[in-house]
Amino acid sequence: MTQNEWLALAPFIIVSTLAILIVVVDMIRPGRDHLAAVIGAVGVLVAMGATIAAGPIGGLGGLPPEGMALFGGVYVRDGMTAFLDLLFLGIALLTILFAPDYLIPRKLPVPEFVSVLLFAVAGAMLLGGGRDLLILFLGLELLVLPGYLLAGFSKRDGLSTEGAIKYFLLGSFSSAILLFGLVFVFGYTGTTNVAEIGDRLAAIASGDAPLPVALGMGMALVLTGAAFKIAAVPFHYWTPDAYQGSPTPVTGYLSVGPKVAAFALVLRLFMEALGPVRADWWVLIGVLAAITMTVGNLAALGQDNIKRMLAYSSIAHTGYIMVGLAVAGGATDPEVAASGVQGILFYGFAYAAMNLGAFAVVAALQHRPGVTSQISSFAGLGRRAPILAVAMTLFLLSLVGIPPTAGFFGKAVIVIAAVEGGGLLTLLAVVIMLNAAAAAFYYLRVVVVMYMRDPAENAKPVDVGGWTRLGLIVAGAATIAIGLIPAVTGAALDWTLEAAKTIAGL
Amino acid sequence: MSLPETMPYTGWRWDDLVFLALAGVMLGSALLVVLSRNIIRSGLFMVLSFLGLAGIYALAGSPIVAAAQVLVYIGAISVLILFAVMLTQSKAGPAALVFQRQAWIAAIASVVLLGLIGASILLTDFPAAEALPTVHETREVAFLIFDANVFAFEVVSLLLLAAVVGGIFIARRDESADEEGA
């Protein structure tokens, strides 16, 4: 392999080596929780450095701007891979920072947590760069298999085990459905290479022939499998149970990492492989998006448990992101289609920062074992822990989409792209706005409870651990910087657009 | 007397018949794995299902893959699973399956899905359906694994490692719980 090829593969190699290294260190020095977290966090930062050193994004990096294909084109490092790798590594970093203060008081081992998490992130990075059905499927399994384990990480907790089993059963079932769909696509086109599938379908699509039945069946199965992974309605039933049962830092990770990674998979499959027949799928995606955000928001309105509420709200956010995909598939102007993909990437970035932050505050409140995650436990937080309450307010306002936060720009990019798309897509933009207004109710209810209710008589003081504090600073800074500092907003918009344009055919 | 080239009346080739028989064995025993109330029987039906798959590999012209299937899945994995079942089986488990309250709906949905998938395959003319290249030599298989698909091969080993780490964590005795119990 040439030097550039090593450089292109470096981030993936670093993350997978790090996962193994932590297991080895834990074997030599068992039970060093803080040591494992330090190694994990530093290693993720090194991997981020390697990603920037490799590029090619924002004019940075040593690789040529058009990207670099490895192993005969099964793995590609281009602008999209680089952006997604940075995003996945950021998610990993925040999760590692939020975990120790929750796990250690509950006597759950941090080394295993960090190691398993890093395996999952390695899988996510394969989804970001994979251009071959085989690699994409293996990456998906490497992503979700550790996810099942993390969901059941609290072995002695019945809820955690129940959530993990539901997640595992539905997850493996949906993987099988997705695989069956991929087999149809392979059977029709005769290749597993994503770019070649696109080429062969382009030949079919140009003939004005109707969509072949088997290919349609394959698309339906792939869409069903992917909809399970991103938790789109009506394939979302596992989400609230899995999210509520999981240890809170894990819930934060599950609501962000696998979701964004599954969207990377969907982009590769639908925009690159099935891109030539996009006229046959975008309406379906748009309808699913509208149903997903509406059902998610309506269900979130009635929740008393904050983890269940955030679980349903994460379903609603899936709906918003899917609108970006509908725009990418349905817009006739390639520029608008590119801004649809840009919306997916930008929203994924903003959503990762604000949602992980919100779950971190929930985890900080549960610092001592035995504290429930009812919304009523937030009562009077404005007085009991003012800084924590301010942080939570910031994340919730961002989730609503109020300027000047990251969430506002995330929604803005998608809504503007949808309006420019015209027709049915404009209707989707209207649905987003209506949903955002409805969602404001249940997010702001938490703010009201924090500032306007008296704390319970027996409320104990909240002590926020050092790890959590550092993580909250990072998540909060990201949430506010994207919204408030024009240079950061501009860079984020440029990078996401540049990454979006590396998708074939845009 | 020799057999005719194709099957009388249907025009099928004979290996199609063999394929259908093997697939029937594989899917039928897979169904019995799920439906059987006795976990040892489930394990034995799983062996039969793996055997059917090995036959299909052989029929598709990949004897090496078929041999690996027999060695690894039947020889090692199934035996290991049966041992694990025998060592850990507890009498306290429920006598009837608890997950079966929607069996009829599931059965109807499965049949409908089978019809849809079957129809979509029959109604489509697969342009890429040329004869599959058959791989007989170990050398060719080695090239496929360690050259053409080397990245996938490495990823699979990473996946297995992650599964092992996770499996050990789940199965390991909880030290802190032991202290509390002592």
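Source: prediction; values computed, not measured. (Residues numbered from 1 in each chain as written. Chains lettered and ligands numbered in written order. Predicted model: local features only at pLDDT ≥ 70, side-chain atom pairs only at ≥ 80, totals over all residues. Heavy atoms only, no water.)

Engineer: In this structure, what is going on with the packing of aromatic side chains? I would like to understand it.
Structural biologist: The geometry of an aromatic ring pair is captured by the separation of the ring centres together with the interplanar angle, meaning the angle of the planes. All names here are of chain A. Enumeration according to the criterion identifies 18 aromatic pairs over all chains in this entry. Ring centres 6.2 Å apart and planes at 85° place the aromatic pair F83 and F349 in the edge-to-face group. Of this pair, F83 sits in helix α3 (residues 79-98) while F349 sits in helix α14 (residues 334-365), and the two are 266 residues apart along the sequence. The class of F83 is buried, set by a relative accessible area of 6%. (Phe/Tyr/Trp six-rings, centres within 6.5 Å; stacked < 30°, edge-to-face > 60°. Helix = DSSP H or I, 4+ residues; strand = E, 2+ residues; numbered from the N terminus. Buried < 20%, exposed > 50% of the residue type's maximum accessible area, 1.4 Å probe, protein only.)

Engineer: Can you help me understand a nonpolar patch on the surface in this one?
Structural biologist: All names here are of chain A. On the surface, a nonpolar cluster with roughly 470 Å² of combined accessible area is contributed by V283, V287, I291, V295, L424 and L427. For the nonpolar patch, the secondary structure elements donating two or more residues are α12 (282-301) and α18 (424-452). Looking at which element gives the most residues to the nonpolar patch, the answer is α12, with four residues. Overall, the relative accessible area of 38% leaves I291 in the partly exposed class. (Patch = residues over 30% accessible without salt bridge, like charges linked within 9 Å, V, L, I, M, F, W, Y side chains within 5 Å. Areas by Shrake-Rupley, 256 points an atom, 1.4 Å probe, with all protein chains shown as cover. Salt bridge = Lys/Arg side-chain N within 4 Å of Asp/Glu carboxyl O.)

Engineer: Before we go on, may I ask you to explain the pattern of salt bridges in this structure?
Structural biologist: Should their charged atoms come close, side chains of opposite charge can pair. Residue and element names in this part refer to chain A. Counted under the stated rule, the structure contains twelve salt bridges over all chains. A salt bridge links R268 to E272; the shortest N-O distance between them is 3.2 Å. Highlighted residues: R268 and E272, both in helix α11 (residues 248-273), separated by four residues, approximately one helical turn. Here the two residues R268 and E272 agree in accessibility, since each one is buried. Between K501 and E335 there is a salt bridge, with the nearest N and O atoms lying 3.5 Å from each other.

Engineer: Looking at this model, I keep getting lost on the environment of A:V183. Mind explaining?
Structural biologist: Tracing the backbone shows A:V183 in helix α7 (residues 158-189). Linking A:V183 and A:T292, residues 109 residues apart in sequence, is a C-alpha distance of 27 Å.

Engineer: I tried to follow the confidence of the model for chain B on my own but got confused; where do I start?
Structural biologist: Where the model shows low pLDDT, its predicted coordinates should not be examined in detail. Residues and elements named next belong to chain B. Scored by pLDDT, chain B has a mean of 81; 81% of the residues are at 70 or more. Across chain B, element-level confidence peaks in helix α6 (residues 150-171) with a mean pLDDT of 91 and bottoms out in helix α7 (residues 175-181) with 47. Throughout residues 177-182 the model reports pLDDT below 50, and contacts reaching past four residues in sequence, or to other chains, amount to three contacts. Prediction confidence for the complex, expressed as pTM and ipTM, is 0.91 and 0.87 respectively. (pLDDT = per-residue confidence, 0-100. Contact = heavy atoms within 4.5 Å.)

Engineer: Hey, could you run me through the interface of chain B and chain A in this one?
Structural biologist: Accessible area lost during the coming together of the parts is what is often quoted as the interface size. The partner chain A presents 36 residues to the 31 residues of chain B that form the contact. Between chain B and chain A we count one salt bridge in total. Of the charged contacts, one joins B:R172 and A:E112 as a salt bridge, the two residues approaching to 3.0 Å between their closest N and O atoms. Linking chain B with chain A are four residue pairs in polar contact (both at pLDDT 80 or more), by the criterion used here. (Polar contact = N/O pair within 3.5 Å; in protein donor to acceptor, adjacent residues only side chain to side chain.)

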